[in-house]
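These are the residues of each chain, in order.
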Amino acid sequence: MREVVIDPITRLEGHGKIVIKLDENGNVQKAILQVPELRGFEKFLVGRTAEDAPQITSRICGVCPWAHHMAATKALDDLFKVEPPLAAKMIREFAYNVFMLEDHALHFFVLGGPDFIVGPTAAKEERNLVGIIKKLGADVVKNVIITRKKLRYLEQLIGGKITHPVLGLPGGVAKPLSDEDWKICFDTSKEGIEFAKFAYKALKDIVLSNDQYVELIKSDAYTHKTYYMGLVDDNNNVNFYDGKIRVVDPEGREFAKFDVRNYLDHIAEHVEPWTYVRFTYLKGVGWKGFVDGKESGIYSVAPLARLNASNGMATPMANELYKEFYQVMGGKPIHSTLAFHWARVIEMVYAAERMMELIENPEIRSKDVRNLPKERPDVGIGVVEAPRGTLIHHYETDERGIIKRANLIVATQNNSARMVLSVDKAARSLIKNGKIDDGILNMVEMAFRAYDPCHACATHSLPGSMPLIVRIYDSDDNLIKEIRRD
Amino acid sequence: MPKAKVAFYWCASCGGCEEAQVDLADKLFDLVEAADIVLWPVAMDFKREDVERMPDGSIDVAIINGGIRMSEHEEMVKLLRRKSKLVVAYGSCAHMGGIPALANAYTKESIFKYAYEEAPTVNNPEGRRPEVRASFDGVELELPAFLDYLKPLDEVVEVDYYIPGCPPTPEITWEAISSILSGKLPPKGHVFGSDRALCYECPLNETKPEKISLDTIKRPHQIVLDPNKCYLTQGVLCMGPVTRGGCKALCIKGNMPCTGCFGPVDGVSYQGAKALSFFSSIINIDDENTFRKLVEELGVDPLGWFAKYCLGKGTIYRKKEER
Ligand code: SF4
Ligand code: SF4
Ligand code: SF4
């Protein structure tokens, strides 16, 4: 063993482990991303009362509890065959966009963004919030923290608890928006738009105006031609809360568009013995192993995939940014993994604009927010776009609404096969002749960090200690370097 | 006087407990004033090796969240116990197992079988499962193994204090941290929060009658709750009477009943049994058939209703594994 380097990480949600094997020339023979956990939510949902699912499943992940809460709530509408009143849907979508804005901001400024804002090979002590403070100033960070606090306060006003809300019920929401709460929501929405614009300006000033970064984003090391999936509205625009699932092929042509109720016709999962995560793929193409291209059923979700799978954004400012994005990057679809960050900021603008649209609509203040279920429950399937991609909850119950079977297709899981590809390719492209340093390894990590992965969700498991372990073996299987971040 | 040393650590956590700590927001600055944080994986770069190098007993307080699900968790909390003067269980997972401990009612085998073979989307005719040792394209790989059950922290190491909630509120978190740091130590085993039931701080308490008697029970989705009337009087189970106060009735302000995340009040060891006996005592049905019908029609879920956060404390379900 030549050396052991230990180096913790704080910019990934959930466990991840990368193993890199070198050949005799010190070049990469294989790099593998493993996910080492499982919790079993699908199993212990069995026997629970269905209306409890939105609260139980939010405990899958405390980082995106709202996504699980909302997917479960929508599955309950379907299960009990009850349409919520318009105001209830609007309150849900409003709260959901608040959450998307807050969560994307966290990734942009704290988890993934430092790679760009501070620099991909900057010293590791700097590639975090500390570096951001140095680079952008304490005021900027204060703005992020204060805005986050305000957005989270809205979540509490609407959802009771911030982290594990109690808002969602089949056929509506637990409580209407009071006049005082409405005012706070309105004011914060205004600030949200300014905040999203500010994030976009930071992206533009720091990343897009730097040719080296743009080149890095476009480079082959971070490119994969796969299918893309996302929810779209009637005009094929991005929607986080509702719509049809649309899939485009690697050339950007519509491959499928379906109601989530039919997801079993389109999505299947592959199991490998070396990781706890299940790999989703398109049933219509099939599992062809860890390869990209049109012949492989591997697809991608989350911000870039959502933009690729749609024709535009439904709000004006975000749509302008959408057009600019494809213009600068040279057309659709964009296959550059690092462009996820850019797409994420465009989505922040959309989320803020959408909050404003909803809160300005007088209908959201209606007190009619519940329709009681009257039908017998049997099967319920719901979908939302989590920050990290398409999220599907599927419950089957007896006639009393006791869960008999549950299936969860969780956002990060949809990206899990593409992430394995990304880590392998980045490692192969960046590690040459045995030369490895922290900067290079960070650039390998950037290949998965761009997805904003949450392995806690992917395995319905636990973020636990969130370590990233990189073990590098030479061709004789000697461990030559271990980087642990735990 | 040297600053106190504080460690934060997470085991089988959803990350919500960290969010609650980050939600301390401006109080975080006060914390950094008063103490050196020597471990905090969510926000800082210290690691296990750093902790190993510290002398035993040199950390003043270790605040640990999440249940114990993997062998690494066990090792890490034992290490932290050795290094720390005080250990605090933070959040209902560390306190009582939390919601992930509902898995204890199922065998490990059945959890694996469902996840990797039976789930409707899984296509795995070869019956592959994750293995502790496996290889991929010629590379040998290891995966950590799963413990048989999820255990609360005090089943693995001695715990001095508890901060309840799923997650705890930033207010209680701050109250506990500042009381420990100022040396105003409560008696060992103390659970922060209120020492009375949630009902005492519930805004609907005025409408709660002295004696409650339920002729029937309604599930939350079957009724539009009146936000101005105690939920029990509306026939909906609310865990308020058997749950420690301290959250300021967050769920109730969200117009939903309490589900019990703050755990039992002082003197009660198992919240699930207490809840069951409380609700049995207020159900006003003395005819067996009526009672049976109610239970059957309602689809009573005693684990989910009464022991949602505390099943990790109940050892009765673990027998299943041993058989
Ligand atoms: S107590 Fe609740 S918030 Fe904390 S880790 Fe457990 S599930 Fe998450
Ligand atoms: S039973 Fe529930 S609603 Fe009624 S007073 Fe107690 S906490 Fe409040
Ligand atoms: S009302 Fe009950 S379930 Fe809700 S936060 Fe308070 S103690 Fe926890």
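This report concerns the structure included in the present document. From a predicted model like this one, the values you see are computed outputs, not experimental measurements. (Residues numbered from 1 in each chain as written. Chains lettered and ligands numbered in written order. Predicted model: local features only at pLDDT ≥ 70, side-chain atom pairs only at ≥ 80, totals over all residues. Heavy atoms only, no water.)

As a further point, take a nonpolar patch on the surface. There is a patch of nonpolar side chains on the surface, built from Phe291, Val295 and Val300 of chain B and spanning about 200 Å² of accessible area. Within the secondary structure, Val300 of chain B sits in the loop between helix H10 (288-298) and helix H11 (302-306). (Patch = residues over 30% accessible without salt bridge, like charges linked within 9 Å, V, L, I, M, F, W, Y side chains within 5 Å. Areas by Shrake-Rupley, 256 points an atom, 1.4 Å probe, with all protein chains shown as cover. Salt bridge = Lys/Arg side-chain N within 4 Å of Asp/Glu carboxyl O. Helix = DSSP H or I, 4+ residues; strand = E, 2+ residues; numbered from the N terminus.)

Attention now goes to the site of ligand 1. In the region of ligand 1, the neighbouring residues are Arg59 and His164 of chain A together with Ser13, Cys14, Gly16, Cys17, Gly91, Ser92, Cys93, Gly165, Cys166 and Pro167 of chain B. Flanking ligand 1 are residues from chains A and B. Looking at the shell around ligand 1, the elements that each hand over two or more residues are helix H1 (16-22) and helix H5 (91-96) of chain B. The element that contributes the greatest number of residues to the shell around ligand 1 is H5 of chain B, accounting for three residues. Tallied by class, residues from the shell around ligand 1 come to five nonpolar, six polar and one charged. (Near = heavy atom within 4 Å. Nonpolar A, V, L, I, M, F, W, Y, C, P; charged D, E, K, R; others polar.)

Moving on, we get to the interface of chain A and chain B. At the interface, 87 residues of chain A touch 85 residues of chain B. Carbon and sulfur atoms supply 60% of the area buried between chain A and chain B, which totals about 7,300 Å² over both sides. For the pair chain A and chain B, the interface holds eight salt bridges. With a closest N to O distance of 2.8 Å, Arg219 of chain B and Glu51 of chain A form a salt bridge. Counting across the chain A and chain B interface gives 29 residue pairs in polar contact (both at pLDDT 80 or more). Among the residues forming the side of chain A that touches chain B, the class breakdown is 41 nonpolar, 20 polar and 26 charged. (Contact = heavy atoms within 4.5 Å. Buried area = accessible area lost by both parts, 1.4 Å probe. Polar contact = N/O pair within 3.5 Å; in protein donor to acceptor, adjacent residues only side chain to side chain.)

Before going further, it helps to examine the nonpolar core. Most often, soluble globular proteins keep nonpolar side chains buried together rather than apart. Grouped together as the largest cluster of nonpolar side chains are 196 residues, with contacts concentrated most on Phe94, Tyr96 and Phe325 of chain A. Sorting elements by how many residues they give to this core places helix H13 (residues 339-360) of chain A first, with 15 residues. Aside from chain neighbours lying at most four places away, what touches Phe94 of chain A is Leu154, Ile158, Cys185, Ser189, Met355, Leu358, Ile359 and Ile364 of chain A. Val38, Ile64, Val156 and Val157 of chain B belong to the second-largest nonpolar core, a separate cluster that totals 25 residues. (Core = buried A, V, L, I, M, F, W, Y, C linked by side-chain atoms within 4.5 Å. Buried < 20%, exposed > 50% of the residue type's maximum accessible area, 1.4 Å probe, protein only.)

So, on to unusual backbone geometry. A cis amide bond links Lys332 of chain A to the next residue, Pro333 of chain A, at an omega of -15 degrees. Inspection of the secondary structure assignment puts Pro333 of chain A in the loop between helix H12 (316-329) and H13. Across the junction of Cys166 of chain B and Pro167 of chain B, the peptide omega takes the value -10 degrees, indicating a cis bond. Turning to its location among the elements, Pro167 of chain B is positioned in the loop between strand E9 (161-163) and helix H7 (170-181). Here Lys81 of chain A, not a glycine, exhibits a phi torsion of approximately 55 degrees, which is positive. Assignment of secondary structure puts Lys81 of chain A in the loop between helix H3 (65-79) and helix H4 (86-111). Despite not being glycine, Asn255 of chain B shows a phi value in the positive range, around 65 degrees. Its location among the elements puts Asn255 of chain B in the loop between helix H8 (250-253) and helix H9 (271-282).

One simple way to see leftover space: roll a probe sized like a water molecule over the atoms. Tallied over the full model, the rule gives ten cavities of 30 Å³ or more. Considering only enclosed or pocket space, the largest cavity measures out at about 260 Å³ in volume. Tallied by class, residues from the lining of the largest cavity come to ten nonpolar, four polar and five charged. Computed from the structure, the second largest cavity encloses a volume of approximately 130 Å³. (1 Å grid on protein atoms, 1.4 Å probe; cavity = no way out; pocket = protein on both sides within 12 Å on 5 of 7 lines; lining within 4 Å. Points joined across faces, edges and corners; volume = space filled by probe spheres on them.)

Moving on to the site of ligand 3. What surrounds ligand 3 is the set Lys161 of chain A together with Leu198, Thr243, Cys247, Cys251, Cys258, Thr259, Gly260, Cys261 and Phe262 of chain B. Close to ligand 3, residues of chains A and B are found. Comparing atom positions with the cavity grids shows ligand 3 to sit within the second largest cavity. Looking at the shell around ligand 3, its residues break down into six nonpolar, three polar and one charged. (Sits in = over half its atoms within 2 Å of the grid points.)

Let's shift gears to the side chain of Arg48 of chain A. As for its placement among the helices and strands, Arg48 of chain A is situated in the loop between helix H1 (41-44) and helix H2 (53-58). The exposure class assigned to Arg48 of chain A is buried, which follows from its relative accessible area of 4%. Among the polar contacts made by the side chain of Arg48 of chain A, one reaches the main-chain carbonyl oxygen of Phe44 of chain A at a distance of 3.0 Å. If we skip the residues at most four places from it in the chain, Arg48 of chain A touches Ile56, Gly401, Ile402 and Ile403 of chain A together with Leu102, Asp301, Leu303 and Gly304 of chain B.

The subject of this paragraph is the pattern of salt bridges. The tally for this structure, following the rule as stated, stands at 54 salt bridges over all chains. For the salt bridge of Asp137 of chain B with Lys30 of chain A, the shortest nitrogen-to-oxygen distance reads 3.1 Å. Residue Asp137 of chain B is located in the loop between strand E6 (133-136) and strand E7 (139-142), and its partner Lys30 of chain A is located in strand E3 (residues 28-34); the two belong to separate chains. In this structure Lys30 of chain A comes out as buried when scored by relative accessible area, which is 10%. Two residues, Glu83 of chain A and Lys89 of chain A, come together in a salt bridge whose shortest N-O distance is 2.8 Å. Lys89 of chain A gets classed as partly exposed once you look at its relative accessible area, which sits at 26%. The network of salt bridges with shared partners includes Glu102, Arg148 and Arg152 of chain A together with Glu19 and Asp23 of chain B.

For the structure shown, the criterion picks out 26 aromatic pairs over all chains. Plain terms: the ring middles of Trp274 of chain A and Phe279 of chain A are 5.9 Å apart, the flat faces sit at 45 degrees to each other, and that makes the pair tilted. You'll find Trp274 of chain A and Phe279 of chain A in the same group, each marked buried. Residues Phe278 of chain B and Phe279 of chain B carry aromatic rings whose centres are separated by 5.1 Å and whose planes lie at 75 degrees to one another, so their mutual orientation is edge-to-face. Grouping aromatic residues by their ring pairs yields a cluster made of Trp274, Phe279, Tyr281, Trp287 and Phe290 of chain A together with Phe136 of chain B. The side chain of Lys74 of chain A reaches across the aromatic face of Tyr241 of chain A, ending 4.7 Å from its centre. For Arg69 of chain B, the ring lying beneath its charged end belongs to Phe146 of chain B, and the centroid distance is 4.1 Å. (Phe/Tyr/Trp six-rings, centres within 6.5 Å; stacked < 30°, edge-to-face > 60°. Lys NZ or Arg CZ within 6 Å of the ring centre and 35° of its normal.)

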